[in-house]
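Inside the fold
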Amino acid sequence: MGEDKNRMLRGELYRDSDVELVAERRRCQGLLDTFNSTAAGQDSARRAILEDLLGDIGEGSWIMPRFQCDYGYLIRMGSNSFLNYDAIVLDCAPVTIGDDVSIGPRAQLLTALHPMEDHELRRQRWETAAPITIGDNVWLGGGVIVCPGVTIGSNTVVGAGSVVTRSLPEKVFAAGNPARVIRGL
């Protein structure tokens, strides 16, 4: 394993232009091209591709095309979970999706970060990443964006179009930009 990949997996500054990381993203894109071009009713073909692509996908879980991610192997999806149309998962850090999770269309789970204060590092294309964890029985409405480093507690609902910039506790309804807890559930 190369130094940039090691740095990425440790959450340190790395460059995504590293030859190994570029090759891994190309492999991922090839699998996604095949997955996204499957015809309706090709459930077993889609499942086989997802099993090859993802780090883990639990029994009864599925993803609808069009699906996009960076590497795939850093995504772990529990049982009976669902990712709707047009999902984007930037998995430069682990993305863990629990059991019985429903994620609405056009959701984005974004682990990538770029330097804010150090303009030169950003210009040189250095980046980091922070993991995302989604607990069991969470529902993310359509168009929800989950930012790097966020954990969403089990049994929480996030309203459509919300931008989750900070972790959310269990059993709450949160909404807005930035998302805030509206009430307990």
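Everything that follows concerns the structure shown earlier in this document.
In short, a report on the structure. (Residues numbered from 1 in each chain as written. Predicted model: local features only at pLDDT ≥ 70, side-chain atom pairs only at ≥ 80, totals over all residues. Heavy atoms only, no water.)

1. Considerations on the overall build of the protein
Looking only at helices and strands, the protein features four helices and 20 strands. Computed over the C-alpha atoms, the radius of gyration of the protein is 16 Å, within 12% of the 16 Å expected from 2.2 N^0.38 for a compact globule of 185 residues. Each of the three principal axes of the protein carries a C-alpha extent, and together these read 45 × 45 × 20 Å. Across the 185 residues of the protein, 45% fall into the buried class. The contacts in the protein between residues at least 6 apart in sequence include a share of 26% that link residues at least 24 apart. A total accessible area of about 9200 Å² is found for the protein, and carbon and sulfur atoms account for 52% of it. (Helix = DSSP H or I, 4+ residues; strand = E, 2+ residues; numbered from the N terminus. Rg over C-alpha atoms; globule rule 2.2 N^0.38 Å. Buried < 20%, exposed > 50% of the residue type's maximum accessible area, 1.4 Å probe, protein only. Contact = heavy atoms within 4.5 Å. Areas by Shrake-Rupley, 256 points an atom, 1.4 Å probe, with all protein chains shown as cover.)

2. Some thoughts on the sheet that holds strand β14 (residues 139-140)
Spatially, β3-β6-β9-β14-β17-β19-β20 is the arrangement adopted by the seven strands of the open sheet, whose pairing is mixed. Edge strands, defined here as strands with exactly one partner in the open sheet, are β3 (62-63) and β20 (179-184). The pairing of β14 with strand β17 (residues 157-158) spans two bridges and is parallel. Looking across to β17, one finds that Trp139 is bridged to Val157. (Pairing = 2+ DSSP bridges.)

3. Description of the environment of Ser61
Assignment of secondary structure puts Ser61 in the loop between β2 (56-57) and β3. A relative accessible area of 4% places Ser61 in the buried class. Separated by 27 residues in sequence, Ser61 and Thr34 have C-alpha atoms that sit 19 Å apart. Apart from the residues lying within four places of it in its own chain, the contact partners of Ser61 are Arg47, Met77, Gly78, Ser79, Asn80 and Ser81. Within polar-contact distance, the side chain of Ser61 engages the backbone nitrogen of Asn80 at 3.1 Å. (Polar contact = N/O pair within 3.5 Å; in protein donor to acceptor, adjacent residues only side chain to side chain.)

4. Section: the pattern of salt bridges
Evaluation of the coordinates by the stated rule reveals eight salt bridges. The residue Glu12 makes a salt bridge to Arg10 at a minimum N-O spacing of 3.0 Å. A residue is classified by how much of its surface remains accessible, and Arg10, at 47% relative accessible area, is partly exposed. One salt bridge connects Glu51 with Arg47, and the closest N-O pair in it is separated by 2.9 Å. One end of the pair is Glu51 and the other is Arg47, both in helix α3 (residues 43-53) and four residues apart, which spans about a single turn. Classification of Arg47 as partly exposed rests on a relative accessible area of 22%. Via salt bridges that share partners, Glu3, Arg7, Arg10 and Glu12 belong to a single interconnected network. (Salt bridge = Lys/Arg side-chain N within 4 Å of Asp/Glu carboxyl O.)

5. Topic: the side chain of Asp91
One can find Asp91 in the loop between β7 (87-90) and β8 (95-97). Among the polar contacts listed, one links the side chain of Asp91 to the backbone nitrogen of Asp70, at a separation of 2.9 Å. Only 2.6 Å separates the side chain of Asp91 from the backbone nitrogen of Gly72, close enough to count as a polar contact. Residue contacts for Asp91: discarding those within four places in its chain leaves Cys69, Asp70, Tyr71, Gly72, Tyr73, Leu74, Ile75 and Thr111.

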